[in-house]
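# A closer look at the structure
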Amino acid sequence: MSLALDLDPFDGWAPHAKQIEVMESQVRNNVLNCGRRGGKTNVGARKFFDNILDDIERGKGMPYKPPKNLKKMKKPKPKLEYWCVSPTYAMSEIQQEELSDVLPEEMIESWDLSKNRVWLKGWVLIQFKSADNPKSLVGKGLDGVWLDEASKMKAETWTGYLSYALADKGGWSVWTTTPEGINWFAEDIVLRGQFIDAGLEEEQYLNDPEWRNFYWTSLDNPIPELQRNIQRMIETYPERYVDREIRAKFNVFHGQVYDEFKRTTHVVDMHCLDQSIHLYEVIYPDGSTKDITFSRFIGGMDHGWNDPAVLLAIGCIGEDYYIVEEAYAQHVNVLVVGNDGVLEDCLVKRYKEIHDRYSFDEIWADPSEPEYISTYRNYDLPVKEANNTIGPGIREVSTLYKVKSGTGRPNIYVNRECKNEIKETENYKWKEKAGQHTEEPEDKNNHTQDSKRYAIYNDREGNQGFAFG
């Protein structure tokens, strides 16, 4: 560990064994592929700063002619320049928070949040960058870079820009991430180093001495409270997400998106006993029967014309969701009003009739057609623009499909009468690329699936019911 400037920025830090290995590494490029909450970002900030101290101690960047007035110059040339790169500026706040715990106050010249940069004394510049637009990462030359959640970035972030910027000055890199499938990060970065048991073929590794891989799971971080939370995740999360996000494996996504779904587990028979109080008889696949009074109903809406337009009615009770009814239609106009001002057959009329039955709290809709949403609202339908994020939404629905060890039951069921929803769930697949399944679903068999995701993800987001908090 560097003793530059007689500083010990790691005083009071209690690293676990895997983090110590990272700090002791002397190679140019350190790649940390780890499970969530395993402490990768925590050690990444310290390794990043330790490398900066090493550069200062070695006299890198000298000789250097400092600018006359740092405060007046808009873009003074630094002696040493480093970047912290995240997939988005919002995510870069995590890097800033971690570095704020590491950087000694006596070394900081200025911290300019508006410009996302920190000047250290001695004309050393740290800038926080977003990788959402890789073309913005053009730079003359960098002494080092820290890429956090790199697997979420586009390939050209590294291959088109950052690798060249580092080559100009012989810079180093620190990578901290949880895997996102066998993508460019796995193939172009991880495979450069030494073998790690993370789901890639051992013979593919290149053993480049300038690259070193570090691998650990969430279970390697010994904090007791963390381990209790991780155990809960293992018990409730779908196995493929546990493998990826807890065990940090690359090769865990296969054909069917919701491979937890089984007709013999999730399809039920439902009979309405009293619509006025939302009382239903539910017959489960094992033959058991239960009368349920739903506390509320939510809707999921996907717009369409050539593709089907969908509205799902979903009953909620406790932590459980029941897909009770589906409206599934092609070539039906959103709104048709006769000369007498009365609604003719159209989606507004059909959806109002469904709303009369269920009294939806909210109907979460695809936000891509705001004029449709406005029309529905004008007719007193409680339609809201959904957060239509795909990956986290699928993950949340998958969690509901998993049969929980404590109850022996899942948290989502579908009425046997919802034939399109059942069929599409069984045929909703991941895209294939070069013989590998990606973590992006195919754009087909997804109309009920999008509707379901809009409703459940946004409902659980609003109620803070996410399985991972």
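The preceding data block contains the structure.
On a predicted model such as this, the values are computed, not experimentally measured, just so you know.

### Remarks on the pattern of salt bridges
- Applying the stated criterion across every chain yields a total of 17 salt bridges.
- R350 is paired through a salt bridge with D345; the nearest N and O atoms lie 2.9 Å apart.
- Residue classification places R350 among the partly exposed positions, given a relative accessible area of 31%.
- Measuring nitrogen to oxygen at the nearest pair gives 2.7 Å for the salt bridge that ties K452 to E421.

### Things to note about the pairing of strand β1 (residues 29-34)
- Burial analysis of β1 places 6 of its 6 residues in the buried class, which makes it a mostly covered element.
- Sheet topology note: the β1/strand β8 (residues 211-216) ladder contains 6 bridges and is parallel. Pairing of N33 across the sheet is with Y215, part of β8.
- Taken together, the 5 bridges between β1 and strand β7 (residues 172-177) define a ladder with parallel strand orientation. Bridge pairing in β7 places N33 opposite T177.

### Things to note about the environment of N42
- Locating N42 in the fold gives a position in helix α2 (residues 40-57).
- Using a relative accessible area of 21% as the deciding quantity, one classes N42 as partly exposed.
- C-alpha of N42 to C-alpha of E98: the two residues are 56 residues apart in sequence and 6.3 Å apart in space.
- Excluding residues within four positions of it along the chain, N42 makes contact with W13, Q19 and E98.

### Description of helix α7 (residues 239-246)
- Of all 8 residues that make up α7, 7 are buried, and the element is covered over most of its length.
- Of the residues trailing α7, A248 is marked for its positive phi of about 60°.

Criteria and cut-off values
Residues numbered from 1 in each chain as written. Predicted model: local features only at pLDDT ≥ 70, side-chain atom pairs only at ≥ 80, totals over all residues. Heavy atoms only, no water. Salt bridge = Lys/Arg side-chain N within 4 Å of Asp/Glu carboxyl O. Buried < 20%, exposed > 50% of the residue type's maximum accessible area, 1.4 Å probe, protein only. Helix = DSSP H or I, 4+ residues; strand = E, 2+ residues; numbered from the N terminus. Pairing = 2+ DSSP bridges. Contact = heavy atoms within 4.5 Å.

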